[in-house]
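# Geometric and topological summary
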2 protein chains.
Amino acid sequence: MAIYDLTFYYLLLFLAISNASTTQFYKPRLSTLVRTILRDPEVVSETLSDDFQTFYYTQTLDHFNYKPESYKTFQQRYVINFKYWGGSNAGAPIFAYMGAEAPLDDDLEGIGFLNDNAPRFNALQVYIEHRFYGESIPAGSFEEAINNSSIRGYFNSAQALADYAEVLRHVKENLSAESSPIIVIGGSYGGMLASWFRLKYPHIALGALASSAPILYFEDITPQNGYYSIVTKDFKEASENCYETIRKSWSEIDRVASEANGLAFLSNKFKTCAKLNNSSELKDYLDTMYTVAAQYNHPPNYPVTMVCGGIDGASEGNDTLSRIFSGVVGYIGNRSCYDTSVYSRPTETSVGWAWQRCSEMVMPIGRDNTTMFPPELFDLETFIKDCSSKYGVSPRPYWVTTYYGGHDIKLILRRFASNIIFSNGLRDPYSSGGVLEDISATVLAIATKNGSHCLDILPADETDPLWLIEQREKEVTIIEGWIKEYYADLAEMKQ
Amino acid sequence: MAIYDLTFYYLLLFLAISNASTTQFYKPRLSTLVRTILRDPEVVSETLSDDFQTFYYTQTLDHFNYKPESYKTFQQRYVINFKYWGGSNAGAPIFAYMGAEAPLDDDLEGIGFLNDNAPRFNALQVYIEHRFYGESIPAGSFEEAINNSSIRGYFNSAQALADYAEVLRHVKENLSAESSPIIVIGGSYGGMLASWFRLKYPHIALGALASSAPILYFEDITPQNGYYSIVTKDFKEASENCYETIRKSWSEIDRVASEANGLAFLSNKFKTCAKLNNSSELKDYLDTMYTVAAQYNHPPNYPVTMVCGGIDGASEGNDTLSRIFSGVVGYIGNRSCYDTSVYSRPTETSVGWAWQRCSEMVMPIGRDNTTMFPPELFDLETFIKDCSSKYGVSPRPYWVTTYYGGHDIKLILRRFASNIIFSNGLRDPYSSGGVLEDISATVLAIATKNGSHCLDILPADETDPLWLIEQREKEVTIIEGWIKEYYADLAEMKQ
């Protein structure tokens, strides 16, 4: 638990993001968790409970092809926690976490929903790592795999879902747990996977909890402005002055930077650890910091409030730039220097997701001049050109909606499918691409006004506000209903 | 129409089947239509109505991969009949035929369901050819494509369904027919594709008519004996004497063949066009003839009745072999000689389906000693060995149930999915692997006691018995209900 409580106090944040001097591939990040870097080893527990047992499944590289090379295999990591399981004789349920665009490690205790609710359900916990991340690499190291154009083609969601199907089938067979219902759970990209898994593999998963899954952020279903509109709204609601200060800061930074010794002045002003080479380094750092604060704007400290508290308090001075720096201090804390490259260091997540976005996950996220950020429109043509030149193959921007759907989702799914919860926090900018209305009696949307990205599936904490406790209880009750109905169906079938 | 009426009278039958001296890959055939060979050009019309317009879609070779070579394309043929369409402004429906394991040509008028019902629905008719058949070949000729181990791997159902999704999306966009509901229709393997398409792409197809689709003939869901048990039952019900005669004929053929000049005697007795090289040539010919008769045992002439009429009438003599030959004459008619190789000539269908069975469509069809045929158990290990040695890659016998499901289908789909009709004729041996009970209020089974393989989707004919007319009417009424409900939903959404 410590990791999450401490995140906003002591640690610099690390997220799946590029610096903005590269193209838009990486922006914004989509991780369930605010993954930390520069952890303080004294305060952050790295010890994983012994209840988590690691396994490897010999996974098929290509499920949709029968060429000799499709038969290559790799070792896919999955982790099981048997502690609370009621066993196969009881048909006790299985909670399956669908790994997302990161190594599995942080998720084992980070996705608290499984751990927290397993006792109540007597549930087995299974966590499956997404291909190409962590230890589930099809060829050599992550770097080798992602840089090999004939291997990274297999790095996509349809293959990943088929992986999960195989692993879950394998687990059930191994445990003779044929009658145990599986509930799949995921957040962010993993939430998309969870909902898609229920849609594509209803014979394997009885239901899905898809937390903060922006499955509608494809093509023109969601306005490209959606994401940054919500970031802006979050700040505006926290403080009109804060919003205004940020909105006018970008040109002020550019103005100062263009003056003689402007960059030195800014480096000094913002106590950057390394001298700024251009104003973009600073602007990208701030840009990302604000979006991270908005996306992961969760209790008890609410990062947006922390930033705005700094800006409005103006501990560092009253002019725009001083206020902006006060915001940084308000959020990050007092530091001898501030590392503006912290968000842009490449990680498996940033590098992996860059590829995923450039191949199939073409989410057209941009911003016009109505947000508090400088405009940066998403232009599909440019995006395709940039991706093609980087990877040698063109994105397929229409594939996600062709394979998974998305257009007219209410019309399509109201009489098809069942047992999916789409949960969103309306302060999460990705909620703009989420399902926010009930689709049917069993395909449900649960949105909390003050919630943030994937908050409901993070570990419960004693500081949780009532609305969050209630949200989780609502989700758990719905899932209990699915399982109860399933057992009744099962009994009826056996008659 | 002429093709189908005349089939059983004048023509030798041709089907997707090997001679049985090869392995079980091809047996039994699975085609919707009894495809003819040695057509009599004087009586069979080859002229297709001008209403059918041919188009080609530039199709992606590999939908599930982003390697450079996955981006190769091929020209996929599809055919549209606009004649009865009510147009996009009216949101008039689209009937989409999912091509199966054969060139599309014969299906255009052969799948009469579309033509016969398009006027009632003001429906557009779209017929899509399955990749690797007919003109939809990814590399050179059919022979080149199927013999190229790095190309034929793309020859599978998941890729084919994705092809259909792309073509249908393209057609709707081109015609601005976004609000037109699509009903997919298929028979036999094409029926499996139709039901799977509704399950995987509900956002593209509103509903599916899956005629004679043995989606449960995988793994151990259906007893391997299922198919030949029904063939046997068909004959037994037609005539106990006929059944008994056939049952004891196999050893009689072997006994005679093993005598001096036995093969010459048999060749003479059965008026074979070429001298028999072994008794298997004759047995395989008869074996296939009986199963074809049973599978396509349709009105008005009922091939099983024709065979048994011959056997029981004994026009050629009263001993077992004479009676068997009388059965051939009763079915095929009087000929100067009988071509025992007619069923075993390779065609796109036999060669293509052999690959499909050896890769993913691993249907364990066998027979023990309770049928009227010599036992020939399906042994998975042998099957895998044979396929591997033939193609260099191993079948994936668990893939169909992993990707599409099948186990506990009633439990799984009763609260998931909607708008599928599984139609079967209970005299069709493939009905043993079909869905014969309603799964829910909208996933329905329609079985006719006397129906044969895919009979309901063949062209209506004035000789059709009442039960067949009623079956089709029931199907059409259900589909009308789906469409009506869809329009109501659409109107509600627009409010």
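Reference entry: report on the structure contained in this document. Since we're looking at a predicted model, the values are computed, not measured.

### Comments concerning the overall build of chain A
A tally of helices and strands in chain A yields 17 helices and eight strands. Scaling as 2.2 N^0.38, a compact globule of 495 residues should have a C-alpha radius of gyration of about 23 Å, and chain A matches this with 23 Å. Expressed as lengths along the three principal axes of its C-alpha atoms, the size of chain A is roughly 80 × 50 × 50 Å. Per-residue burial for chain A yields a buried fraction of 63% across its 495 residues. Within chain A, contacts between residues separated by at least 24 positions form 73% of all contacts whose residues are at least 6 apart in sequence. When the accessible surface of chain A is summed, it comes to about 17000 Å², and 50% of that surface belongs to carbon and sulfur atoms. Charge centroids of chain A, computed over 41 positive and 60 negative side chains, lie 4 Å from each other.

### Structural notes on the packing of aromatic side chains
Applying the stated criterion across every chain, the model contains 62 aromatic pairs over all chains. Look at F270 of chain B and F325 of chain B: their rings are 5.7 Å apart centre to centre, the planes differ by 75°, and that puts the pair in the edge-to-face class. Here F325 of chain B lies in helix α12 (residues 320-332) and F270 of chain B lies in the loop between α9 (262-269) and α10 (279-295), a separation of 55 residues in the sequence. Comparing F270 of chain B with F325 of chain B, the two get one shared label, buried. For the cation-ring pair, R367 of chain A lies above Y228 of chain A, with the distance from its terminal atom to the ring centre recorded as 4.5 Å.

### Topic: the interface of chain B and chain A
Across the boundary between the two partners, chain B contributes 58 residues, which contact 58 residues of chain A. With both sides pooled, the region where chain B packs onto chain A buries about 5200 Å², and carbon together with sulfur makes up 57% of that total. Contact with chain A buries area across many residues of chain B, yet Y66, R396 and F416 of chain B alone supply 17% of it, more than any other trio. At the junction of chain B and chain A, the tally comes to 12 salt bridges. Between D489 of chain B and R414 of chain A there is a salt bridge whose closest N-O contact spans 3.2 Å. Put simply, chain B and chain A have 44 residue pairs in polar contact (both at pLDDT 80 or more) between them.

### Some details on the relation of the copies chain B and chain A
Least-squares fitting of chain B to chain A yields an RMSD of 0.0 Å, with the transformation described by 0.0 Å of translation along the axis and a rotation of 180°. Viewed as a symmetry operation, the transformation between the two copies matches a two-fold axis. When C-alpha positions in chain B are compared against the rotation axis, the closest is assigned to A417 of chain B, at 2.6 Å. With an isologous cut-off of 70% or more, the 100% of interface residues of chain B that recur at the interface of chain A puts this contact in the isologous class.

### Some details on the nonpolar core
Across soluble globular proteins, nonpolar side chains have a tendency to be buried as a group. F235 of chain A together with F235 of chain B are the most contacted members of the largest nonpolar core, which has 244 residues in total. Each residue touching F235 of chain B, except ones within four places of it in the same chain, is listed here: C242, Y243, I246, Y290, A293, A294, V304, V307, C308 and M372 of chain B.

### Looking at unusual backbone geometry
For the peptide bond that leads from P299 of chain A to P300 of chain A, omega is 5°, which places it in the cis range. Assignment of secondary structure puts P300 of chain A in the loop between α10 (279-295) and α11 (303-313). Positioned with a positive phi, F132 of chain B is a non-glycine residue whose angle comes to about 80°. Relative to the assigned elements, F132 of chain B resides in the loop between β4 (124-128) and α4 (142-147). Relative accessible area serves as the criterion here: at 0%, F132 of chain B is assigned to the buried category. If you check the backbone angles, S188 of chain B has positive phi at about 65° while not being a glycine. Mapped onto the elements, S188 of chain B comes out in the loop between β5 (182-187) and α6 (189-200).

The rules behind these values
Residue positions are given per chain, counted from 1 along the sequence in the order it is written. Numbering of ligands from 1 and lettering of chains from A proceed in the order in which they are written. Only residues with pLDDT of at least 70 get local features here, since the model is predicted, and only at 80 or more are side-chain atom pairs given and counted; chain-wide, interface and lining totals rely on the full set of residues. The side-chain values count all of the structure's non-hydrogen atoms but skip hydrogen atoms and water molecules. Runs of H or I in DSSP of at least four residues are treated as helices and runs of E of at least two as strands, each being numbered from the N terminus. The globule rule used for comparison is 2.2 Å times the number of residues to the exponent 0.38, while the radius of gyration itself is calculated over C-alpha atoms. Exposure categories follow from relative accessible area, calculated using a 1.4 Å probe and restricted to protein chains: below 20% of the type maximum is buried, above 50% is exposed, and the middle band is partly exposed. What makes two residues a contact is simply this: any of their non-hydrogen atoms within 4.5 Å. All accessible areas in this document rest on Shrake-Rupley with a 1.4 Å probe, and a residue is counted as covered only by the protein chains that are shown. The charge count treats Lys and Arg as positive and Asp and Glu as negative. His and the chain ends do not count. Throughout, a charge is located at the NZ atom of Lys, the CZ atom of Arg, the CG atom of Asp or the CD atom of Glu. When two rings of Phe, Tyr or Trp (its six-membered ring) have centres within 6.5 Å they constitute a pair, described as stacked for plane angles under 30 degrees, edge-to-face for angles over 60, and tilted for the intermediate range. Ring-over charges, as used throughout, are those where CZ of Arg or NZ of Lys falls within 6 Å of the ring centre and within 35 degrees of the ring normal. Accessible surface is computed with a 1.4 Å probe, and the buried area is the amount of it that two parts give up when combined, taken over both parts together. What makes a salt bridge here is a side-chain nitrogen of Lys or Arg within 4 Å of a carboxyl oxygen of Asp or Glu, nothing more. N or O atoms within 3.5 Å of each other form a polar contact, as long as, within protein, one can give a hydrogen and the other can take it, and as long as residues adjacent in sequence are counted only when both atoms are side-chain atoms. Residues below a pLDDT of 70 in either copy are left out; the C-alpha atoms of the rest, at least 70 in both, set the least-squares superposition of the copies. The definition of a nonpolar core used throughout is a set of buried Ala, Val, Leu, Ile, Met, Phe, Trp, Tyr and Cys residues joined through side-chain atoms within 4.5 Å.

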